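A structural walkthrough
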Amino acid sequence: MTMTEMARDLSPIAHEIWEMKYRFRRPDGTPVDQTVDDTWWRVARALAAPEPADRRESIAAKFYSAMAGYRFLPAGRILAGAGTGRRVTLFNCFVMGTIKDDMSSIFENLREAALTMQQGGGIGHDFSTLRPKGAPVASIGADASGPLSFMDVWDSMCRTIMSAGSRRGAMMATLRCDHPDIEDFIQAKRDPTRLRMFNLSVLVTDAFMEAVDQDADWPLVFGGRVFKTVKARALWDQIMRATYEYAEPGVIFIDRVNAENNLAYCETISATNPCGEQPLPPYGACLLGSINLARLVIDPFSGQARIDEAELARLVSTAIRMMDNVIDVSNYPLPAQEQEAKAKRRIGLGVTGLADALIMCGLRYGSEDAARQARAWMAAIEEAAYSASIELAGEKGAFPLFDAEAYLAGGHVRKLPEKLKNRIRKHGIRNALVTSIAPTGTISLFADNVSSGIEPVFSYSYQRRVLERDGSHRIEQVSDYAYRLYRKLFGEEAPLPEAFVTTQELTPEEHLVMEAALQPHVDSSISKTINVPEAISFESFRDVYALAYKLGLKGCTTYRPNAITGSVLSLDDKPKTEAGATASAAAPALGESKPMDRAAVLPGFTYKLKWPDSDHAIYITINDIERDGRRVPFEIFINSKNMEHYAWTVALTRMISAVLRRGGDVSFIVDELKAVFDPRGGQWMQGRYVPSLLAAIGEVIERHMVDIGFLPAERLAPERLSTDQGEAPPNAVTQLPGQCPRCGMASLVHQEGCATCLSCGYSKCS
């Protein structure tokens, strides 16, 4: 099969990803890319634009050839945006500027974060620079609210901003292990509604790890002042207990990150992109691409199975040129990001399909042999990548901040083979850092469902429910690339070799061994999740991060299914493969284009909501249907005698009902309503502040979804909203002084113990 034929031979899931994510359409929906080949050529020609005119088309052809066989996969932002003329960034993620400890800087950084996410970039922020909760703010005679309060502001902003390509923003927040608010940071996500747009990571220092080992005292310090002293081991146990119970925070071994950084002579790192594979300085940009190892295996499932190393070297060389050109053709949300990217020209070439390639070569993921082979493959990629960047420097010049003596004196580069270092001395290098391993979830599906990044295979086969044009449904089997190839070669009844192993069969140590095998040949970092079963005991789990540190990793993240965050992907009990492994997974419903049918009679509940300062109660009726053995919300009605709300409540009920009737995960309705605040002020209800009437309605819907089992009970905070009217605590401010809570006019006067609006006649007597 030729590469062009392979490009056109899309599986249904790959075709769906292309349609949703990467196919270029005009604003009116008319397709510009008629085939996937058109997508490859669009990207290839866009990235060849910086090349000399007489070589541009031949270089574009090389770029096309690298992508057309799914052997090199640029990151999704590049596939979706290159050559479209849209004002979007081709960089996946950024680390934002340093937040100074003053309001002006805080909200300037918030503005820059919003602009970056608006163009499609995820962001990372270090909040360690903000003073702790309760610290004095001398200029205004008040106490600081602490970094977590401002993280809440970022979280709300992120919920609001729709990034380019209809992707919600993603954020990473870091906090130093010696910050006085570190314990609150560790516990923040115990609340299932808080900071859901953030990934959280603790910046762990070598000194802290030594203190943990010695069970020493650990001072929590800000601005030279010790706010509290704790036992280091007790603080470490808090981190481990939190990540065991709700999968966060992760850890970043920040001293190691900076010591191994090729650019340590001109930058200091304190944050990463949202997935953690790119530690970056302020305004640093994350540019990614992946070599698909599964497509490079020769003679798969035979005693001679191997990677085509000559082709691998050629492919890496082409990929480095492509990614270097992205720096010159991309848009940037902020000038500071463009300056940073072009001054250092860092790129992150990684791999995907590692687990599938190992299976095809007869190697069990997590074994010593698999780790040894993976290390050899990554070493070959590293050498080819540095070599290609050196050649580009001879052709186009080294990155502007290149200083040969300083560059070669420290960081990851000092571990390179001497022949490469000699070439760098002579010619320089085009890209300060060249390797990084990203999660690659979506592009791996697009590449015919190869295993993602360096993760093991999660499930070899699962079922998806696909909506047909006539409104009917069909069940579609989605299978892993290596599994499907094995079945094609040996038949459906052939027993699976021992190399076929899934995440559920691996120990945490086996996960870490594979990551540790690759890290010595990755100059940035690696995004990998140590998936563990829900049944694992805390005693078996608690040493995972410590082992990651001992193995030389730059960070670590774990995931254990839990009541707060749920399960990423759930496996069905049937059918089973002949080896006993699960052969089917329940794919999450993504919603349907045709509304579900309504029965003549539906069960439901009506809730009475008494909003303070409203003359009449609001009645919210939510009806459900039975589907797949459980109740799911189907429609909503909101009624009140208060006619001032009539138009928007009718619009709200129609819109929410339209969404509910299409099924799928509709919990986002709750999140969106709860994030709405009223500029006139919210109200105190049952001892808690609710920012708007819409937020109160959102909480009623959320409680209903929990009551019928559609959402987990853990979403509800203990002090949840009651449908009865509550009282404000003493001296609580419920709306802006002088502003009417009904009409919003600044015409509220107090007469004889009553507040009366001179504009609309509203009145409330105390």
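Let's shift gears to the pairing of strand β27 (residues 618-627). With 7 of 10 residues buried, β27 is to be regarded as a mostly interior element. As paired strands, strand β26 (residues 604-609) and β27 are joined by 6 bridges and run antiparallel to one another. By the bridge assignment, Lys 608 is partnered in β27 with Tyr 619. Pairing of β27 with strand β28 (residues 630-640) involves 10 bridges; the strand directions are antiparallel. Residue pairing in the sheet places Ile 625 in a bridge with Val 632 of β28.

It is worth spelling out the side chain of Asp 356 at this point. Along the polypeptide, Asp 356 turns up in helix α14 (residues 354-360). In this structure Asp 356 is buried but unpaired, with Arg 484 as the nearest side chain of opposite charge at 7.6 Å. Excluding residues within four positions of it along the chain, Asp 356 makes contact with Ala 294, Asn 449, Val 450, Ser 451, Val 457, Asp 480, Tyr 481 and Ala 482.

With burial as the criterion, each face of strand β12 (residues 250-253) is covered, one bearing Gly 250 and Ile 252 and the other bearing Val 251 and Phe 253. In this structure, strand β9 (residues 198-204) lies alongside β12, joined through 4 bridges in parallel fashion. Considered in β12, the bridge of Val 202 is made with Val 251. By the bridge criterion, 2 bridges tie β12 to strand β23 (residues 555-559) in an arrangement that is antiparallel. Residue Val 251 lies in a different strand from β23, and its bridge partner there is Cys 556.

Residue Pro 249 is reached from Glu 248 by a cis peptide bond, and omega for that bond is 5°. Along the chain, Pro 249 falls in the loop between α10 (232-246) and β12. A positive phi angle, close to 50°, is found at Asp 299, a residue other than glycine. With respect to the helices, strands and loops of the structure, Asp 299 is situated in the loop between β17 (297-298) and β18 (306-307).

Glancing now at the pattern of salt bridges. This model, assessed by the stated rule, comprises 43 salt bridges. Two residues, Lys 342 and Glu 338, come together in a salt bridge whose shortest N-O distance is 2.7 Å. Note that Lys 342 and Glu 338 are positioned in helix α13 (residues 335-344) at a spacing of 4 residues, about one turn of the helix. Overall, the relative accessible area of 32% leaves Glu 338 in the partly exposed class. As a salt-bridge pair, Arg 425 and Glu 418 come within 3.7 Å of each other at their nearest N and O atoms. What makes Glu 418 partly exposed here is its relative accessible area of 44%. Overlapping salt bridges bring together Glu 51, Arg 55, Arg 321, Glu 395 and Lys 396 as one network.

About the cut-offs
Residues numbered from 1 in each chain as written. Predicted model: local features only at pLDDT ≥ 70, side-chain atom pairs only at ≥ 80, totals over all residues. Heavy atoms only, no water. Buried < 20%, exposed > 50% of the residue type's maximum accessible area, 1.4 Å probe, protein only. Helix = DSSP H or I, 4+ residues; strand = E, 2+ residues; numbered from the N terminus. Pairing = 2+ DSSP bridges. Lys, Arg positive; Asp, Glu negative; His and termini not counted. Salt bridge = Lys/Arg side-chain N within 4 Å of Asp/Glu carboxyl O. Contact = heavy atoms within 4.5 Å.

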